[in-house]
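Here are the chains, one letter per residue:
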Amino acid sequence: MIRCKWFLAVIAILVLFVTTACSNSAPETAKKEKNELKVAISAAPPTLDLHKTTTQIAQKVGWHIFDTLVTLDENYQVVPMLAEKIEISPDGKTTTLLLRKDIVFHNGKVMTSEDVLASINRWRNYSSLGKANLGKAEITAPDKDTIVIKLPAPSNAVLFSLAYPSQGASIMPKEVIDEAGDGNVKQFVGTGPFQFVEWKQDQYIHLKKFDGFKPRPEPASGLGGKREALVKDLYFIPVGDNATRVAGVQAGEYDIADEIPFDNYEMLKSSTGLKTAIAQDTTYLNLVFNKKNSLFANVKARQAVAAALDMDPIMKAVTGNPEFYTLDAGLVFPKDAWHVDNGKEKYNQKNTELAKKLLAESGYKGEPVVFLVTRDFDYMYKSSLVVKEQLEQIGVNVKLEVYDWATLNSKRSNQNGWDMFVTTSSGFREPTAILFLDSRLKWAGWYNNPQMDNLLDQIRESANFEDAKKIFGQAQALYWEEVPTVKLGNMNGLVVYRNYVQGYQYFMESPFWNVSVQ
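Everything quoted here is computed from the prediction, not taken from an experiment.

Asks: Which parts of the structure should I look at to understand the pairing of strand 14 (residues 369-374)?
Replies: On any regular strand, side chains alternate: one points to one face of the sheet, the next to the other face. Among the six residues of strand 14, six are classified as buried, and the element is accordingly described as predominantly covered. By the alternation rule, side chains of strand 14 split into V369, F371 and V373 and V370, L372 and T374, which are all buried. Looking at chain direction, strand 14 and strand 15 (residues 398-403) are connected through six bridges and run parallel. Across the sheet, residue T374 finds its bridge partner in strand 15, namely Y403. Running through helix 12 (residues 378-392), the crossover from strand 14 to the neighbouring parallel element strand 15 is right-handed.

Asks: Sorry if this is basic, but what is going on with helix 3 (residues 113-126) here?
Replies: For an α-helix, 3.6 residues make a turn, and residues three or four places apart therefore share a direction. For helix 3, which comprises 14 residues, the first-to-last C-alpha distance of 20 Å matches the rise-based estimate of 20 Å (1.5 Å per residue) to within 8%. Among the residues of helix 3, S113, D115, V116, A118, S119, I120, R122, W123 and R124 are the ones counted as buried. Of the surrounding secondary structure, the elements contacted by the buried residues of helix 3 are strand 5 (94-99), helix 4 (128-134), strand 6 (138-143), strand 7 (146-150), helix 5 (158-163) and helix 6 (174-180).

Asks: Explanation requested: the pairing of strand 9 (residues 204-209) in the structure shown.
Replies: The pairing of strand 8 (residues 194-200) with strand 9 spans six bridges and is classified as antiparallel. Considered in strand 9, the bridge of K200 is made with Y204. Linkage of strand 8 to strand 9, two consecutive antiparallel strands, is achieved through a turn of three residues, within which D202 is found at a positive phi near 65°. Bridge analysis of strand 9 against strand 10 (residues 233-238) gives four bridges, and the strand direction is antiparallel. For K208, the partnering residue across the bridge sits in strand 10 and is D233.

Asks: Sorry, what's going on with the packing of aromatic side chains here?
Replies: The geometry of an aromatic ring pair comes down to the distance between the two centres and the angle between the two planes. Under the counting rule described, the total for this entry stands at 20 aromatic pairs. A ring pair is formed by Y265 and F324, whose centres lie 5.2 Å apart and whose planes are at 90°; its orientation type is edge-to-face. Note that Y265 is positioned in helix 8 (residues 265-269) and F324 in the loop between helix 10 (311-319) and strand 13 (325-326), a separation of 59 residues in sequence. A single burial state applies to Y265 and to F324, both of which are buried.

Asks: Looking at this model, I keep getting lost on the packing of helix 14 (residues 450-461) against helix 15 (residues 465-482). Mind explaining?
Replies: The description of two packed helices rests on the angle between their axes and on the distance between the axes. Running from N to C, helix 14 and helix 15 point in directions that differ by 160°, and their axes come no closer than 9 Å. Taken together, helix 14 and helix 15 sit at an angle that is classed as roughly antiparallel. Considering the relative orientation of helix 14 and helix 15, their crossing is left-handed. When helix 14 is examined against helix 15, the residues Q451, M452, L455, Q458 and I459 are found in contact with a partner set consisting of A468, I471, F472, Q474, A475, L478 and Y479. Classifying every residue of the contact of helix 14 with helix 15 by side-chain character gives nine nonpolar, three polar and no charged.

Asks: I tried to follow the sheet that holds strand 5 on my own but got confused; where do I start?
Replies: Two pairing modes exist for strands in a sheet, parallel and antiparallel, and in both the strands are linked by backbone hydrogen bonds. One open sheet holds the four strands; their spatial order is 4-5-7-6, and the pairing between them is antiparallel. The outermost strands of the open sheet, each flanked by one partner alone, are strand 4 (83-88) and strand 6. Averaged over neighbouring strand pairs, the angle between their axes works out to 20° when direction is ignored. Across five bridges, the pairing between strand 4 and strand 5 is antiparallel. Considered in strand 5, the bridge of I86 is made with L97. Most of the contacts of helix 3 go to strand 6, to which it runs at about 175°, and overall it touches strand 5, strand 6 and strand 7.

Asks: Explain unusual backbone geometry here, please?
Replies: Backbone phi values are negative for most residues with the exception of glycine, while trans is the configuration of most peptide bonds. Residue Y76 is not a glycine yet carries a positive backbone phi of 65°. Here Y76 is to be found in the loop between strand 2 (70-72) and strand 3 (78-80). Under the relative-accessibility criterion, Y76 is labelled partly exposed at 21%. Positive phi outside glycine occurs at D102, with the angle close to 60°. Mapped onto the elements, D102 comes out in the loop between strand 5 and helix 3. A relative accessible area of 53% places D102 in the exposed class.

Asks: So what exactly am I meant to see when it comes to the environment of N464 here?
Replies: Along the chain, N464 turns up in the loop between helix 14 and helix 15. Note: C-alpha distance between N464 and N156 (308 residues apart in sequence) is 8.2 Å.

Asks: Teacher, can you tell me more about helix 12 here?
Replies: Between the first and last C-alpha of helix 12 there are 22 Å, a value that for 15 residues agrees with the 21 Å anticipated at 1.5 Å per step. Y379, M380, Y381, S383, S384, V386, V387, Q390 and L391 are the residues of helix 12 that are buried.

Scoring rules and cut-offs
Residues numbered from 1 in each chain as written. Predicted model: local features only at pLDDT ≥ 70, side-chain atom pairs only at ≥ 80, totals over all residues. Heavy atoms only, no water. Buried < 20%, exposed > 50% of the residue type's maximum accessible area, 1.4 Å probe, protein only. Helix = DSSP H or I, 4+ residues; strand = E, 2+ residues; numbered from the N terminus. Pairing = 2+ DSSP bridges. Right-handed = clockwise from strand over helix to strand, strands pointing away. Expected span 1.5 Å × (residues − 1). Contact = heavy atoms within 4.5 Å. Phe/Tyr/Trp six-rings, centres within 6.5 Å; stacked < 30°, edge-to-face > 60°. Axes fitted to C-alpha atoms, helices over the stretch in contact; angles between N-to-C directions. Parallel < 35°, antiparallel > 145°, perpendicular 65-115°, else oblique. Left-handed = near helix turned anticlockwise from the far one by under 90°. Nonpolar A, V, L, I, M, F, W, Y, C, P; charged D, E, K, R; others polar.

As structure tokens, then:
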């Protein structure tokens, strides 16, 4: 009897061993065959109504749902997307966009110029870029396949404004826009490669492949050309804790994780089953001054800060690794066609004596300077601490006030109660998109210089690119003279993903069309 029990126990162990071995091999097969992509993001977007938000996290999700009339290729040149053809009149005042035919929204409706007209009008009511560059335009739909934009003066910024993805000119059905009124849209319906399925707050946003999507015939290039949904389901999962995002992608719980802390780079790049991607020039750190009711309404005080700052320690504190930052005076990135170096002599001066002299000339008497800070974004907090330390060395009495990001955004909208804060400025690919330069955009900090506004208008109205670039050089030189903000340095990004993810490329954020799981 004992021998029989022993024999049965051995058989059970063998069965368990075989079952376990089979089950352990199954996940690898499942990973290769699975038809979904799970992306861990650092926060949930405030909305997916892209007309109403400038947040990059909303763009990261929303541009999979919504298309625009035109977009940007890998050289940051405007190319058609929902438009089939672009025609510009000889005098440069009229732009005609012929629409692609038989484009279908996710709700099954065929797109017409009526939908496009409603979308563009709504977008330009809310978008700073739309207001600046199309605010005076007459936009009409002479037939169901055509949009005509007429301007009082030529502008080379119109098409770029329609192509720029941040707070992009997304095309939605007219009835969705009418239903929204002055509020946010209640339905997320576009023409993109993925369609909206479900948003479970604090858990995930679920998109699925749109079978009715019609990709463009051209090869993929930047945001242009052929877009395809190569997975059936796409999940964006908000994971605010950095360590949890890292652990999740290591364990295979997530396929991709972004905004990874830089100090994890060495460990992750040597980890089995993972790949890392350094996203070049994703953003730059920017010290913003309150130029209304503040010490920094005085240009001498702003110049003093610019003279004092040593950018290397600031950027090293943020990244810990020179692979993740570059020092550059340009308000657009070095690889961009618009990049100029005017004013570079006033960048990264590290001149303590000059800074003290300018500060004295500003009339500063040692009163507290309120520095708004957040811990929600590591790079903002770390850079703020080093800026504080360097300003104290020239005699500035810096008072840090730490808030969550939402509260800081609310406080910075008030002209009283603060003096400066650090934020990131996205990769402006055209000078008229630089929010903190144009006074008419009324961006936090409230820079107001008619000379700068005039230069930006000249850029918009220039007949050719070379003339416009020279004028931008003048504008950037004026920026470094007036110092409405102090650009600190260009920052790269770190993304990590499982090695079975194919086709991932960073371009002005992380698009997941043309990405597969193999």
